[in-house]
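Each chain, letter by letter, is given below.
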Amino acid sequence: MPHALTLNAGSSSLKFGFFELGDLQGEPQSRILGLVERIGQGERAHIKAKGADGQVLLDQEYGRNHVPDHGTALARVVDFLREQRPDARLAAVGHRVVHGGPDYAEPTRLTPPVMDRLAQFEPLAPLHQPHNLSGARAALELFPDAIQVACFDTAFHRHHPWVNDTFAIPRKFYDQGVRRYGFHGLSYQYISETLEKTAPHLHSGRTIVAHLGNGASMCALMGGRSVASSMGFSALDGLPMGSRCGQLDPGVLLYMLMNEGMTPKEIEDVLYRQSGLLGLSGLSNDMRTLEAAGTEPAREAIDYFVFRIRRELGALAAALGGVSTLVFCGGIGENSAHIREKVCEGMGWIGMELDTGRNLRGERIISTDLSRVRILVIPTNEEIVIARAARDSLAGAG
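All of the points below concern the structure found in this document. The shown structure was predicted, so the numbers you read here are calculated from the model rather than taken from an experiment. (Residues numbered from 1 in each chain as written. Predicted model: local features only at pLDDT ≥ 70, side-chain atom pairs only at ≥ 80, totals over all residues. Heavy atoms only, no water.)

1. As for the packing of helix α5 (residues 185–198) against helix α15 (residues 382–397)
Step number 1: In contact at an axis separation of 8 Å, α5 and α15 are set at 85 degrees when each is read in the N-to-C sense. Compared by their axis directions, α5 and α15 come out roughly perpendicular. Together, Leu186, Ser187, Gln189, Tyr190, Glu193 and Lys197 of α5 and Glu382, Ile384, Val385, Ile386 and Arg388 of α15 make up the contact between the two elements.
Step number 2: Here the residues of the contact of α5 with α15 sort into five nonpolar, two polar and four charged. (Axes fitted to C-alpha atoms, helices over the stretch in contact; angles between N-to-C directions. Helix = DSSP H or I, 4+ residues; strand = E, 2+ residues; numbered from the N terminus. Parallel < 35°, antiparallel > 145°, perpendicular 65-115°, else oblique. Contact = heavy atoms within 4.5 Å. Nonpolar A, V, L, I, M, F, W, Y, C, P; charged D, E, K, R; others polar.)

Spelled out as structure tokens, the structure:
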């Protein structure tokens, strides 16, 4: 029976999923989901995996520097999968790739020319793209006979209206590819498809999705299609994130260059790795740590995070001409009742009324019965989106 492996490589992590594809007609069936953490950090790397029933299949630490790169991490994963499923035939590998640039609006088979083109987008997503491609190179070497398909976080947003796709700078830059791409597209695609299946009356309306986590953004959906996103040219814009700044006056960059004498590399490090919740709090990029800390800087970081979400909520509602549904997803959106409450507090003017009890219990619907805007919590699942693309690519090749 054909199987697909899904890979989502971060700067020091590798999420993986193992799916049965059956006859290539039905839904891929998740068999194993796992994560390798602390890759190349000089620390003890950790791998954990669970079966479809939630049973822990593996929970292991390695010695320091025993998993120095993503290639080694993938080799550890493959050894584990072969032990668990020795008779499985790996027919396809699906990769999350953050940036597809102006070229790629659909899942795409990985070939040497495609890999070379994707490498040109690394400066646009330096925290993700190099590691996405590192994982892809390792998989291409380990599984030369499997179909390998890239799934892009930017693809879901490639049909924006022009006014939501451009910047007010000379048009030559737009022609060169300097435009608003939007990210977290695999997550938004999953939410859109889930609404279409489970609540078609909501799917057909005006929906705002808040993907809140270490990376955070928001997206406006009209009839399930993205029409506006808080993120733009790079994965920096919009909401503040764990260590990324979010929206920033370009004049700040000029100040750093001209007054502080900083190099582009130094500025990149500040904006991507020292800012956001970490920079504001001086403590951590983890919302759980900040909520538990109780310090004034931690509270201020949380307040700014919430303020920007609420501001973006109003902007996206204006882009849609109203809103009928708000969906929370991502690690913070799915798990922090406190953040959800602060976002929705005082939003009655836009038709939102939160049910405090439902929110604290983490129910799927957390709005009151009288709320004009339905407020939902839907756990996102980027892996199944990648697995579906791998299945479709395999079916098309057959």
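2. Notes on the nonpolar core
Step number 1: Ranked by size, the top nonpolar core spans 44 residues in total, and within it Ile208, Leu212, Phe305, Leu326, Phe328, Ile339 and Met352 carry the most contacts.
Step number 2: Broken down by secondary-structure element, the contributors of at least two residues to this core are β9 (206–211), β10 (217–222), β11 (225–229), α10 (287–293), α11 (296–320), β12 (325–329), α13 (337–344) and β13 (374–377).
Step number 3: For this core, the leading source of residues is α11, giving ten residues.
Step number 4: When sequence neighbours within four positions are dropped, the list of residues in contact with Leu326 reads Ile208, Leu313, Cys344, Met352, Val373, Arg374, Ile375 and Leu376. (Core = buried A, V, L, I, M, F, W, Y, C linked by side-chain atoms within 4.5 Å. Buried < 20%, exposed > 50% of the residue type's maximum accessible area, 1.4 Å probe, protein only.)

3. Observations regarding the environment of Glu268
Step number 1: Inspection of the secondary structure puts Glu268 in helix α8 (residues 264–273).
Step number 2: When the C-alpha positions of Glu268 and Arg244 are compared, they lie 9.9 Å apart, and in sequence the two are 24 residues distant.
Step number 3: What Glu268 contacts, discounting residues up to four positions off in sequence, is Pro126 and Arg273.

4. A short note on the sheet that holds strand β8 (residues 147–152)
Step number 1: Pairing is mixed in the open sheet, where eight strands are placed in the order β5-β4-β3-β2-β1-β6-β8-β7. Edge positions in the sheet fall to β5 (56–64) and β7 (108–109), since each of these pairs with one other strand and no more.
Step number 2: Helix α3 (residues 129–142) rests against β1 (2–9), β6 (89–97) and β8 of the sheet, and its axis sits at about 165 degrees to β6. (Pairing = 2+ DSSP bridges.)

5. Brief notes about a nonpolar patch on the surface
Step number 1: Together, Leu254, Leu257 and Met258 make up a nonpolar patch on the protein surface, roughly 330 Å² of accessible area in all.
Step number 2: Residue position: Met258 is located in helix α7 (residues 250–258).
Step number 3: A relative accessible area of 67% means that Met258 is categorised as exposed. (Patch = residues over 30% accessible without salt bridge, like charges linked within 9 Å, V, L, I, M, F, W, Y side chains within 5 Å. Areas by Shrake-Rupley, 256 points an atom, 1.4 Å probe, with all protein chains shown as cover. Salt bridge = Lys/Arg side-chain N within 4 Å of Asp/Glu carboxyl O.)

6. Quick word on α13
Step number 1: Looking only at α13, the buried set comprises Ala337, Ile339, Arg340, Val343 and Cys344. Down the axis of α13, the buried set is contained in an arc of 165 degrees. They therefore lie on one face.
Step number 2: In the core, the buried residues of α13 are packed alongside α10, α11, β12, α12 (330–335), α14 (356–361) and β13.
Step number 3: In the segment just after α13, Gly346 is the residue with positive phi, at about 70 degrees. (Arc of directions from axis to C-beta.)

7. Focus: helix α2 (residues 112–119)
Step number 1: By the burial criterion, the buried members of α2 are Val114, Met115 and Leu118. Each buried residue of α2 sits inside an arc of 100 degrees when the element is viewed along its axis, so together they form one side. With respect to the buried face of α2, the exposed residues turned more than 90 degrees away are Pro112, Pro113 and Asp116.

8. Observations concerning the packing of aromatic side chains
Step number 1: Inspection of every chain in the model, using the stated rule, returns four aromatic pairs.
Step number 2: Look at Tyr304 and Phe307: their rings are 6.5 Å apart centre to centre, the planes differ by 35 degrees, and that puts the pair in the tilted class. Taken together, the residues Tyr304 and Phe307, both in helix α11 and three residues apart, mark about one turn of the helix.
Step number 3: What makes Phe307 partly exposed here is its relative accessible area of 42%. (Phe/Tyr/Trp six-rings, centres within 6.5 Å; stacked < 30°, edge-to-face > 60°.)

9. Notes on the packing of α7 against α8
Step number 1: Close contact between α7 and α8 brings their axes to 10 Å; oriented N to C, the two are set at 135 degrees. Taken together, the axes of α7 and α8 lie oblique to each other. α7 and α8 meet at a crossing whose hand is right-handed. Contacts from Leu253, Met256 and Leu257 of α7 reach α8 at Ile267, Val270 and Leu271. (Left-handed = near helix turned anticlockwise from the far one by under 90°.)

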